[in-house]
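Summary of the model geometry
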Amino acid sequence: MVNFKFGKNKYSLSSNLIFITFLIGIINLFFYDYESVQEFVVLLFILLLRYLLFVMIKRRFSWSKYLLILIIARSAYRLYEVAGQADASAVTKVNLVLQLIISILAFAILFIFPKLKEWMSEKRKYISANGIPNSST
């Protein structure tokens, strides 16, 4: 069984992953052909939100998970939108896939893996080494 020991470093690791998605977004600025100024402004706003999220996770704001969920949903929507465009650059498509995967990984490191670890330790309390439920608590 894989033993994840993120502890205090989970915030640092997750914030660094979000910073990587920010850098990937900057790369996308040069490869995506924007159809309007509004589309470009929205991308800049999302980049600003990614950087804000990087800072919030680094400083351990508990409500940063809501912004992270919003970023993941936006990444999935953007990937769906761009994947259907025949004229979109392959680099842009790959970058969007990377952003989505890295954002989901950052969310998992912060919120899913600790809950799984907690659940597994609770489960071990009730099951003894030979597989028989432990009656003493």
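Located above this text is the structure these notes cover.
Report on the accompanying structure. Bear in mind that the values here come from a model prediction, so they are computed numbers and not experimental data. (Residues numbered from 1 in each chain as written. Predicted model: local features only at pLDDT ≥ 70, side-chain atom pairs only at ≥ 80, totals over all residues. Heavy atoms only, no water.)

1. Structural notes on the overall build of the protein
For clarity, the cut-off: Each helix is a run of H or I in the DSSP string that is no shorter than four residues. Each strand is a run of E no shorter than two, and both are numbered from the N terminus. Only heavy atoms matter for contacts: two residues are in contact if any of them lie within 4.5 Å across the pair. Surface accessibility follows the Shrake-Rupley procedure with a 1.4 Å probe radius. Residue values consider only the protein chains on display as shielding.
Across its full length, the protein carries 4 helices and 0 strands. Sequence separation of 24 or more characterises 67% of the internal contacts of the protein that already satisfy a separation of 6 or more. When the accessible surface of the protein is split by element, carbon and sulfur atoms take 68% of a total near 9,100 Å².

2. Some words on the packing of aromatic side chains
Here is the rule: Pairs were defined over the aromatic rings of Phe, Tyr and Trp, the Trp ring being its six-membered one, requiring ring centres within 6.5 Å. Orientation was assigned from the angle between planes: stacked under 30 degrees, edge-to-face over 60, tilted for the rest. Any residue under 20% of the maximum accessible area for its type is buried, any over 50% is exposed, and the rest in between are partly exposed; the area is computed with a 1.4 Å probe on protein chains only.
A full pass over the atoms with the stated rule returns 7 aromatic pairs. A ring pair is formed by Phe 107 and Phe 111, whose centres lie 5.2 Å apart and whose planes are at 45 degrees; its orientation type is tilted. One end of the pair is Phe 107 and the other is Phe 111, both in helix H4 (residues 90–126) and 4 residues apart, which spans about a single turn. Among the residues examined, Phe 111 registers a relative accessible area of 22% and is labelled partly exposed.

3. Details of the pattern of salt bridges
For the record, the criterion: Any Lys or Arg side-chain nitrogen found within 4 Å of a carboxyl oxygen on Asp or Glu counts as a salt bridge.
On inspection of all chains with the given rule, the structure shows 2 salt bridges. Close ionic contact of Glu 39 with Arg 78 constitutes a salt bridge, the shortest N to O distance being 3.3 Å. Here Arg 78 lies in helix H3 (residues 64–83) and Glu 39 lies in helix H2 (residues 37–58), a separation of 39 residues in the sequence. Comparing Glu 39 with Arg 78, the two get one shared label, buried. The salt bridge involving Arg 78 is made with Glu 81; its shortest N-O contact spans 2.4 Å. With Arg 78 and Glu 81 both in helix H3 and 3 residues apart, the pair spans about one turn of that helix.

4. With respect to the environment of Leu 43
You can see Leu 43 is positioned in helix H2. As a C-alpha pair, Leu 43 and Ile 26 span 17 residues in sequence and 9.4 Å in three-dimensional space. Once residues lying within four places of it in the same chain are set aside, the contact partners of Leu 43 are Leu 29 and Tyr 34.

5. Topic: the side chain of Asn 95
By secondary structure assignment, the location of Asn 95 is in helix H4. On the accessibility criterion, Asn 95 (9% relative accessible area) is buried. In this structure Asn 95 touches Ile 24, Ile 27 and Asn 28, once residues within four positions along its chain are discounted.

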